[in-house]
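# Observations on the model geometry
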Amino acid sequence: MPSNLPAAEELLTALRAGDVTSLELTDEAITRIERDDKVLNAICVADFDRARSAAREADRARARGEDRPLLGIPVTVKESYNIAGLPTTWGVPRYRDFVPTEDAVQVSRLKAAGAVVLGKTNVPLGLQDIQTFNELYGTTSNPWAHDRTPGGSSGGSAAALAAGFGALSIGSDLAGSLRTPAHFCGIYAHKPTLGLVANRGMVFPGTPALPVDLDLAVVGPMARTARDLTLLLDVMAGPDPLTVGKAYQLTLPPARHERLSEFRVLVLDEHPHIATGSAVRAGVQRVAAALADGGARVERHSALLPGLPEAATLYMQLLISGAVARFPVESLPLPSEDDQSLDAVRLRAMALSHRDWLQADHRRERHRHAWRQLFAEFDAVVCPITPTPAFPHDHHPNPMERRIDIDGVDYPYFDQLVWAGLATMPGLPATAIPAGRSHEGLPVGVQLIGPMFEDRTPLRLAELLEQRIGGFEAPR
């Protein structure tokens, strides 16, 4: 793998100076994909002919004096986004021949900003795993260790970025699907505030691409630097022009602070439902030390923090009830109400009534209000994304029977989602940043959770931490 992979901002500077052309950048990325992706399998649908054509047009546009936010920058797109003329399958074999005729709104925004789309990145079946493999496109491997997963469900995008297959990518996040792959592959990702970024066209194959308001799920940017995250978010953010975009324009507030010494940060590394592995705990501590050394106010406890056990329960109820809404569950055997494990919560959520869902949603609103109170005292919360670095591929056909090993102790596979759910359940923005490596040399990341619709605050904190502790390193 290459040792030096420039950021999108660096490439834009070179393009503007005339030091390189978009076609040269595109050809370089394609050469790298053709050389290295036989092992990684990150790019599941290549679109190289159209990419070269778009690059030539970008070069002509620049020669005419045009300068758009991503003009000439090679990028990749998660397979689950509709791109006219390319298959959208979500890894489901029966949709292998489904080809949409219209771009997703975010693909349209990428193209309008001048980006060159190289192709689509691999996903797990139905986007419903913490790994990336499916019958149609096979298994995507982690660029740092090929026997391990790059995460999911935006695992193909994260692996592609770490390997240098384009400078930016776009993914989605319902259960950490942006943040976990970033953590596992050593890159950056940002889960936007719920509703900040239009999602139309990031839709299950064969389903009409309608401008719906999703619960929990968001789409967002992935990059190799924190500043590139902001660059891409500015292209993606904003309401759907078919709905509230007719009446409203987006103006995100600036970051609360510009200097590290001005930030007030709450640091968490323990969860009542699951242990935190030593490698991840060390990453959290590294970030906490950098904050303190930079003069930030760092606290380890706050009475304002919403209760973590109830937050995990609410997240699982909302997540699982939505995920199984299309499937019959009348004969599902339910556990006793005395069983309060997260496995039991997930099983009961499969048969959640609308009344029960509304009650859970009401409790979520109480959590959102508690977060508002906490963010009156703090600017960000630093915590894990998952309890471990990237784990070995595990293709057990029943995910409910998989286990996650945390320093030699087994836990239910899906319990590791509780940290991702901490931001997802109330709809808060969260930025995933690299925070070092494990003793095995695997990347370790943490997330910076920020106040709702103040996405620039965790993004700015990510930039400041990148300057202090370093950031992306390409796999050797």
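Here goes a summary of the coordinates provided. In this text, all values refer to a predicted model and were calculated from it rather than measured experimentally. (Residues numbered from 1 in each chain as written. Predicted model: local features only at pLDDT ≥ 70, side-chain atom pairs only at ≥ 80, totals over all residues. Heavy atoms only, no water.)

To continue, consider the nonpolar core. Formed by 69 residues in total, the largest nonpolar core has its most connected members in Leu70 and Ile73. Looking at which element gives the most residues to this core, the answer is helix α7 (residues 226-236), with seven residues. Apart from the residues lying within four places of it in its own chain, the contact partners of isoleucine 73 are Ala8, Leu11, Leu12, Leu15, Gly114, Ala115, Val116, Ala167 and Leu168. Counting 44 residues, the second-largest nonpolar core is a separate cluster that includes Leu308, Ile320, Ala349 and Leu428. (Core = buried A, V, L, I, M, F, W, Y, C linked by side-chain atoms within 4.5 Å. Buried < 20%, exposed > 50% of the residue type's maximum accessible area, 1.4 Å probe, protein only. Helix = DSSP H or I, 4+ residues; strand = E, 2+ residues; numbered from the N terminus. Contact = heavy atoms within 4.5 Å.)

Turning our eyes to something else, we now look at empty space enclosed by the protein. In this structure the tally under the stated criterion is one cavity of 30 Å³ or more. Taken as a whole, the largest cavity encloses approximately 40 Å³ of empty space. Around the largest cavity, the lining residues are His271, Leu308, Ala311, Ala312, Tyr315, Val418, Gly421 and Leu422. Secondary-structure elements contributing two or more residues to the lining of the largest cavity are α9 (308-323) and α12 (418-424). (1 Å grid on protein atoms, 1.4 Å probe; cavity = no way out; pocket = protein on both sides within 12 Å on 5 of 7 lines; lining within 4 Å. Points joined across faces, edges and corners; volume = space filled by probe spheres on them.)

With that out of the way, let us pick up a nonpolar patch on the surface. A cluster of nonpolar side chains, namely Leu210, Val212 and Leu214, defines an oily patch on the protein surface of about 240 Å² accessible area. Mapped onto the fold, leucine 210 is located in the loop between β7 (188-191) and β8 (218-223). Given the relative accessible area of 49%, leucine 210 is considered partly exposed. (Patch = residues over 30% accessible without salt bridge, like charges linked within 9 Å, V, L, I, M, F, W, Y side chains within 5 Å. Areas by Shrake-Rupley, 256 points an atom, 1.4 Å probe, with all protein chains shown as cover. Salt bridge = Lys/Arg side-chain N within 4 Å of Asp/Glu carboxyl O.)

Applying the stated rule across the entire model yields six aromatic pairs. Between tyrosine 95 and phenylalanine 204 the ring centres are 5.3 Å apart and the planes differ by 85°, which places this aromatic pair in the edge-to-face class. With tyrosine 95 in the loop between β2 (74-78) and α4 (105-112) and phenylalanine 204 in the loop between β7 and β8, the pair connects residues that are 109 residues apart, well separated along the chain. Judged by relative accessible area, which is 23%, phenylalanine 204 ranks as partly exposed. Both rings, one in phenylalanine 391 and one in tyrosine 413, keep their centres 5.9 Å apart while their planes meet at 80°; by these two values the pair is edge-to-face. Pair noted here: phenylalanine 391 is in the loop between β11 (380-384) and β12 (403-406) and tyrosine 413 is in the loop between β13 (409-412) and α12, with a separation of 22 residues, a long-range link. Accessibility classification places phenylalanine 391 together with tyrosine 413 in one group, the buried group. Members of the aromatic cluster, joined through ring pairs, are Phe184, Phe391, Tyr413 and Phe414. The lysine or arginine in question, arginine 224, covers the ring of phenylalanine 472, its NZ or CZ lying 6.0 Å from the ring centre. Over the aromatic face of tyrosine 413 sits the side chain of arginine 402, whose NZ or CZ is 5.1 Å from the ring centroid. (Phe/Tyr/Trp six-rings, centres within 6.5 Å; stacked < 30°, edge-to-face > 60°. Lys NZ or Arg CZ within 6 Å of the ring centre and 35° of its normal.)

Attention now moves to the layout of surface pockets. In this model, the second largest pocket occupies a volume close to 440 Å³. Lining the second largest pocket are 25 residues, and of these Gly195, Leu196, Val197, Asp213 and Pro239 sit closest to its centre. Residue composition of the lining of the second largest pocket, grouped by class: 16 nonpolar, six polar and three charged. (Nonpolar A, V, L, I, M, F, W, Y, C, P; charged D, E, K, R; others polar.)

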